[in-house]
Amino acid sequence: MVIAKTDQVHVELKPQYDRQTELKDFDDTKAGVKGLIDAGIQEIPQIFHHPKDKYFGKNSASDSTLQLQVSIPVIDLEGVKKDPVTRQEIVEKVRNASKTWGFFQVVNHGIPSSVLEDMKDGVRRFFEQDLEVKKQFFTRDYSKNVIYNSNFDLFTSAAAHWRDTLSTLMAPYPPLPEELPEVSRDIMIEYSKQVMNLGYLLFELLSEALGLQTDHLKEMECAKGLTMMSHYYPACPQPELTMGTAKHSDGGFLTVLLQDHIGGLQILHEDQWVDVPPTPGALVINIGDLLQATLKSFSSVTCTTSHL
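This text gives an overview of the structure that appears in the document. Model, not experiment: these values are computed from the prediction. (Residues numbered from 1 in each chain as written. Predicted model: local features only at pLDDT ≥ 70, side-chain atom pairs only at ≥ 80, totals over all residues. Heavy atoms only, no water.)

## Section: the side chain of glutamine 194
- Mapped onto the elements of the fold, glutamine 194 is located in helix H7 (residues 185-209).
- Classification of glutamine 194 as buried rests on a relative accessible area of 17%. (Helix = DSSP H or I, 4+ residues; strand = E, 2+ residues; numbered from the N terminus. Buried < 20%, exposed > 50% of the residue type's maximum accessible area, 1.4 Å probe, protein only.)

## A look at the nonpolar core
- In this structure, Leu77 and Tyr191 are the most contacted members of the largest nonpolar core, which totals 48 residues.
- Mapped onto this core, the elements with two or more residues apiece are helix H4 (84-100), strand E4 (103-107), helix H5 (113-127), strand E5 (146-149), strand E6 (164-171), H7, strand E7 (226-232) and strand E11 (283-287).
- Of all the elements, H7 adds the most residues to this core, at 12 residues.
- Excluding its chain neighbours within four sequence positions, the residues that come into contact with leucine 77 are Ile90, Val106, Val107, Asn108, His109, Leu198, Leu201 and Leu205. (Core = buried A, V, L, I, M, F, W, Y, C linked by side-chain atoms within 4.5 Å. Contact = heavy atoms within 4.5 Å.)

## Some details on the sheet that holds E11
- Spatially, E3-E4-E11-E8 is the arrangement adopted by the 4 strands of the open sheet, whose pairing is mixed. Here the strands that pair on one side only, and so sit at the sheet edges, are strand E3 (74-76) and strand E8 (254-257). Between one strand axis and the next, the sheet turns by 30° as a mean value, whatever way the strands run.
- Strand direction decides the pairing type here: E3 and E4, joined by 3 bridges, are parallel. Paired with aspartate 76 across the strands is valine 107, a residue of E4. (Pairing = 2+ DSSP bridges. Axes fitted to C-alpha atoms, helices over the stretch in contact; angles between N-to-C directions.)

## Describing the pairing of strand E10 (residues 272-275)
- In this structure, strand E9 (residues 266-269) lies alongside E10, joined through 4 bridges in antiparallel fashion. Bridging across to E10, isoleucine 267 finds its partner in valine 274.
- Taken together, E9 and the strand that follows it, E10, pair antiparallel across an intervening segment of 2 residues, in which glutamate 270 is found at a positive phi of about 50°.

## A word on the sheet that holds E7
- Across the sheet, which stays open at both edges, the 3 strands sit in the order E5-E6-E7 with antiparallel pairing between neighbours. Here the strands that pair on one side only, and so sit at the sheet edges, are E5 and E7. Taking the axes of each pair of neighbouring strands and ignoring which way they run, one obtains an average angle of 10° across the sheet.
- Note: E6 against E7, 7 bridges, orientation antiparallel. Its bridge partner being in E7, threonine 165 is matched across the sheet by histidine 231.

## Details of the packing of H5 against H7
- The geometry of H5 relative to H7 is characterised by a closest axis approach of 9 Å and an angle of 135° between their N-to-C directions. Classified by the interaxial angle, the pair formed by H5 and H7 is oblique. As for how H5 packs across H7, the hand of that crossing is left-handed. Residues Val115, Leu116, Asp118, Met119, Gly122 and Arg125 of H5 pack against Ile187, Met188, Glu190, Tyr191 and Gln194 of H7.
- Broken down by class, the residue content of the contact of H5 with H7 amounts to 6 nonpolar, 2 polar and 3 charged. (Parallel < 35°, antiparallel > 145°, perpendicular 65-115°, else oblique. Left-handed = near helix turned anticlockwise from the far one by under 90°. Nonpolar A, V, L, I, M, F, W, Y, C, P; charged D, E, K, R; others polar.)

Okay, structure coming up:
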């Protein structure tokens with residue numbers, strides 16, 4: 001604290017905010033936002049403060065009238081591999097959802113609910129384990145297959161996000177099993193296999209929705225790679241000041257999102273933020289930027305992909 005003295009009054013000047021130092025100090029702990037909570041903080045660091053009016057305005061999802069009127073499509077995949085008539089109906093639903101929303105949820109997708117629950121538990125086990133074990137995976141070298149840190153863009157974004165992330169490249173060149181965290185290794189391998197199979201099916205349906213051969217998008221290698229992003233959002237003492245994830249669009253071909261029971265996902269539809277509440281057993285599918293560009297080269301399909 002600096003005190004400036006004059007003949008008449010004493011003026012206390014607040015220390016100048018040094019953002020870069022605060023960012024480095026936070027990153028050097030390798031403990032992420034989970035470490036801040038474990039330390040018992042009551043006020044979040046300024047690096048996490050987001051300008052409020054950037055996200056909450058008249059087009060916010062807090063407008064309850066909109067929430068009562070719209071929700072993203074839910075597509076039942078039951079019978080998609082057995083009944084040609086059912087498959088054609090599903091293809092049409094996928095086409096309409098991709099064109100109108102850029103998002104849809106799928107149920108009866110073939111991934112057992114036990115696998116979904118085990119995957120969520122595996123993520124929690126990783127982030128809630130002893131810090132010294134977790135630190136072994138901490139890096140900002142994005143050429144690595146297994147990366148744990150908080151905010152991949154920590155030093156370049158306008159405000160940090162209230163989340164920690166484990167990012168793992170699972171295909172086409174997966175890490176060796178021993179390279180994966182022991183507490184979640186088995187379920188990460190199993191879940192990635194299941195999601196790859198679902199991805200193949202979704203690319204088949206999208207190809208057919210475009211009037212192309214079933215394997216067209218797969219042969220273009222749209223389904224070749226898989227990166228698993230496991231995000232952890234611990235309870236925040238000042239949630240009104242920050243965001244877990246800011247407005248963005250996904251840059252890949254397709255995102256398969258598994259939500260926990262907390263929820264919080266919103267998508268931008270016709271200039272309004274729409275909540276996507278968790279649905280037990282459902283997975284959220286997002287048409288990414290690369291696939292949207294691919295779809296536009298074949299058709300007049302226009303997708304809405306912004307979300308937070």
